[in-house]
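Next come the chains, spelled out residue by residue.
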Amino acid sequence: SGVQIYSFKPQSPRQQELYREYPIVMKVRGGFHELGTFISFIANSERIMSVENLQLQRVSGQEIESGQTVDAELTVICYVYSPVQGATTPSGGRQ
């Protein structure tokens, strides 16, 4: 997508009632439109994922000449079905 990933830090999973969240904090650099394409790839992935805590900062210096105009820090959250043992099922459901 035209972005460079500088940091990829998986965080501790968080269990919810019916699913588990796997957060990953990332730092990337690229052009503004390339960053939008990268986020679009995440949103349209086969897995259910979301982007949170998106922070953008303008790049200065020689990187601008190469099209690397934006630094971004974001959290990508991947959701995986994982019900908690003993969780209640909706009425009419089977256990």
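Residues numbered from 1 in each chain as written. Predicted model: local features only at pLDDT ≥ 70, side-chain atom pairs only at ≥ 80, totals over all residues. Heavy atoms only, no water.

1. With respect to the overall build of the protein chain
And then number 1: Regarding its fold elements, the protein chain presents 1 helix and 5 strands.
And then number 2: Ordered by position from the N terminus, the helices and strands of the protein chain form the series β-β-β-α-β-β.
And then number 3: Accessible surface for the protein chain amounts to roughly 6900 Å². Of this, 50% is attributable to carbon and sulfur atoms. (Helix = DSSP H or I, 4+ residues; strand = E, 2+ residues; numbered from the N terminus. Areas by Shrake-Rupley, 256 points an atom, 1.4 Å probe, with all protein chains shown as cover.)

2. A few points about the pattern of salt bridges
And then number 1: Taken as a whole, this structure holds 2 salt bridges when the rule is applied.
And then number 2: A salt bridge links Asp71 to Arg29, with the nearest nitrogen and oxygen atoms 2.6 Å apart. Placement of the pair is Asp71 in strand S5 (residues 70-81) and Arg29 in strand S3 (residues 19-30), with a sequence separation of 42 residues.
And then number 3: Asp71 sits in the partly exposed class, given a relative accessible area of 23%. (Salt bridge = Lys/Arg side-chain N within 4 Å of Asp/Glu carboxyl O. Buried < 20%, exposed > 50% of the residue type's maximum accessible area, 1.4 Å probe, protein only.)

3. Observations regarding the nonpolar core
And then number 1: With 11 residues, the main nonpolar core is built from Val3, Ile24, Met26, Val28, Leu35, Phe38, Ile42, Val70, Ala72, Leu74 and Val76.
And then number 2: Mapped by element, the contributors of at least two residues to this core are S3, helix H1 (32-43) and S5.
And then number 3: Sort the elements by how many residues they give to this core and S5 lands first, with 4 residues.
And then number 4: Not counting residues up to four positions away in its chain, the partners in contact with Ala72 are Met26, Lys27, Val28, Leu35, Leu54, Gln55 and Leu56. (Core = buried A, V, L, I, M, F, W, Y, C linked by side-chain atoms within 4.5 Å. Contact = heavy atoms within 4.5 Å.)

4. Some words on the environment of Gln68
And then number 1: The residue Gln68 is located in the loop between strand S4 (48-58) and S5 in this model.
And then number 2: In sequence terms Gln68 and Val3 are 65 residues apart; their C-alpha atoms lie 8.2 Å from each other.
And then number 3: Here the side chain of Gln68 touches Gly30 through a polar contact of 3.4 Å, landing on its backbone nitrogen. (Polar contact = N/O pair within 3.5 Å; in protein donor to acceptor, adjacent residues only side chain to side chain.)

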